[in-house]
Amino acid sequence: TEFATGTTNGSGVATASYSGNAAGSHTIGASAGGVTITQTQTVTVSAGAAANLTFTTQPPNSVSSGVAFTVAVSVADGFGNTTNATVHLDLSRADATPVTLGGTNDIGSIGGVATFSDLTVGDPSISAYTLTASSTGTDSPNSSSFLVNP
């Protein structure tokens, strides 16, 4: 049970406000003069729009050309609450050569995690590759770099 602080007017009516950013159900209680009031109220705080992406499963240090690998990206609102959004992945190479990411590169998150399990890169190179995650209204973090072997 959470308690909000408020004031009592001349008629003995107390007014308080609750402000919380943790998503989920919260029970609000009251006390007066050290006596806890038995009535409570439950409020539900919903997660906000997606604001932060984090690679929770990085690509391996190296992959074989054309062989599928998996990465996962977590999605959170501005307060760190898990939320859902469609996440997009782009692939870049350190030497700026245009490259193509194989597999599904747009995934809707489930339970706040977008899991990309069929990614492939067909262009072996001595240059490092990096994935960049993006979604509407979010930051765009980079994965750790990785190599693609023949």
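See the structure printed just above.
Residues numbered from 1 in each chain as written. Predicted model: local features only at pLDDT ≥ 70, side-chain atom pairs only at ≥ 80, totals over all residues. Heavy atoms only, no water.

1. Quick word on the sheet that holds strand E11 (residues 106-108)
Convention followed: In this scheme, strands are said to pair when DSSP sees at least two bridges between them. To qualify as a helix, a DSSP run of H or I must reach at least 4 residues; to qualify as a strand, a run of E must reach at least 2; elements of each kind are numbered from the N terminus. Comment: axis = line fitted to C-alpha atoms, over the contacting stretch for helices; angle = value between 0 and 180 degrees taken between N-to-C directions.
A sheet is described by the order of its strands in space; here five strands give the open sequence E7-E14-E13-E9-E11, paired in mixed fashion. Each of the sheet's edge strands pairs with one partner strand only, and the pair in question is strand E7 (62-64) and E11. Between one strand axis and the next, the sheet turns through 30 degrees on average, direction left out of account. Where strand E9 (residues 86-93) meets E11, three bridges bridge the pair, whose relative direction is antiparallel. Counted as the bridge partner of Val87 is Ile107 from E11.

2. So, the nonpolar core
Soluble globular proteins tend to pack their nonpolar side chains together in the buried interior. For the record, the criterion: The set of buried Ala, Val, Leu, Ile, Met, Phe, Trp, Tyr and Cys residues whose side-chain atoms join them within 4.5 Å is what this entry labels a nonpolar core. Whether a residue is buried, partly exposed or exposed follows from its accessible area with a 1.4 Å probe, protein chains only, as a fraction of its type maximum: under 20%, in between, or over 50%, in that order.
Judged by nonpolar contacts, the single largest core of 24 residues is most densely connected at Leu89, Phe116, Leu131 and Phe146. At the level of elements, strand E6 (52-57), strand E8 (69-76), E9, strand E12 (113-121), strand E13 (125-134) and strand E14 (146-149) are the ones that each hand at least two residues to this core.

3. A few points about the sheet that holds E6
Strand order across the open sheet formed by four strands is E6-E8-E12-E10, with antiparallel pairing between neighbours. Since the sheet does not close on itself, it has two edges, and those belong to E6 and strand E10 (101-102), each with one partner. Sheet analysis places E6 next to E8, joined by five bridges and oriented antiparallel. In the sheet register, Leu53 faces E8, and the bridge partner there is Val75.

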